[in-house]
Amino acid sequence: ILSNTMLLNAILSLIMTIITPPSLKEGDKIAIVSPSGAVNAEYIHKAVPVLREQGWEPTVGEHAYDHHDSYAGTAEVRYDDLRKALLDPDIKAIMCSRGGYGAVHILQQLDSLPLRDNPKWLIGFSDISALHSFMSSLGIASLHASMCKHLAEFGADDPDNITLFNILRGSLP
């Protein structure tokens, strides 16, 4: 038996138009943020030139390298970096540095943001799936795809990374 809320969400999902964020162009900015677990800084450092090679301008969130217990900073600073990237009209995509655990701590705060007004690609997997679920509930497509570690370790010629780059450029599989 469905609750009233579950039924309403099911109906809304049937009538809501799915928004595919715009394709990235040369010079577009990609924010790297850490909404979950603490990241090895080397992965971000090595991912930046891979994104730059693609013609994009990576920007690293102010707190992307933070550590607070096993998290990439407190919930407040993780949310702040993600919020800034989501609302900045110059940012065209957001790559999460890693998954781990912690994205669920900031989901509720995202609820009040006008994300359909300026949709952008959210990229990641693992714990980032919580953010994908949230974006899906808003009718915004997102990408379960490579994060900084994969870019750093395998580079631009890796098949998974090539697929990600093609999707960001507008070539949907």
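Residues numbered from 1 in each chain as written. Predicted model: local features only at pLDDT ≥ 70, side-chain atom pairs only at ≥ 80, totals over all residues. Heavy atoms only, no water.

### Considering the pairing of strand S3 (residues 91–96)
By the criterion of burial, S3 is predominantly enclosed, with five of the six residues buried. In this sheet, strand S4 (residues 121–124) lies alongside S3 in parallel orientation, the contact comprising three bridges. Its bridge partner being in S4, Ala93 is matched across the sheet by Trp121. (Buried < 20%, exposed > 50% of the residue type's maximum accessible area, 1.4 Å probe, protein only. Helix = DSSP H or I, 4+ residues; strand = E, 2+ residues; numbered from the N terminus. Pairing = 2+ DSSP bridges.)

### Overview of helix H3 (residues 75–87)
With 13 residues, H3 should reach 18 Å at 1.5 Å per residue; the first-to-last C-alpha distance of 18 Å fits that figure. Three or more residues of H3 are buried, namely Val77, Arg78, Tyr79, Asp80, Asp81, Leu82, Ala85 and Leu86. The elements touched by buried residues of H3 are strand S1 (29–33), S3, helix H4 (107–110), S4 and helix H5 (129–137). (Expected span 1.5 Å × (residues − 1). Contact = heavy atoms within 4.5 Å.)

### Description of helix H7 (residues 159–168)
When we look at burial in H7, the residues that qualify are Asn161, Leu164, Phe165, Ile167 and Leu168. Buried residues in H7, looked at end-on, bunch into an arc of 160 degrees, giving them a common side. Check the buried side of H7 and you find it contacts S1, helix H2 (41–53), S3, S4, strand S5 (143–144) and helix H6 (148–154). One side-chain oxygen of the residue at the start of H7 lies 3.0 Å from the amide nitrogen of Asp160, identifying that residue as Asp158. One or two steps after H7, the chain reaches Gly170, where phi turns positive at roughly 105 degrees. (Arc of directions from axis to C-beta. Polar contact = N/O pair within 3.5 Å; in protein donor to acceptor, adjacent residues only side chain to side chain.)

### Topic: the packing of aromatic side chains
Counted under the stated rule, the structure contains two aromatic pairs. A ring pair is formed by Trp56 and Phe165, whose centres lie 5.8 Å apart and whose planes are at 65 degrees; its orientation type is edge-to-face. Taken as a pair, Trp56 in the loop between H2 and strand S2 (57–60) and Phe165 in helix H7 lie far apart in primary sequence, 109 residues in all. Judged by relative accessible area, which is 2%, Trp56 ranks as buried. Summarising the aromatic geometry, the rings of Tyr71 and Tyr101 are spaced 6.3 Å apart at their centres and angled 40 degrees between planes, so their arrangement reads as tilted. Placement of Tyr71 in the loop between S2 and H3 and of Tyr101 in the loop between S3 and H4 is noted, with a sequence separation of 30 residues between them. The class for Tyr101 is partly exposed, based on a relative accessible area of 44%. (Phe/Tyr/Trp six-rings, centres within 6.5 Å; stacked < 30°, edge-to-face > 60°.)

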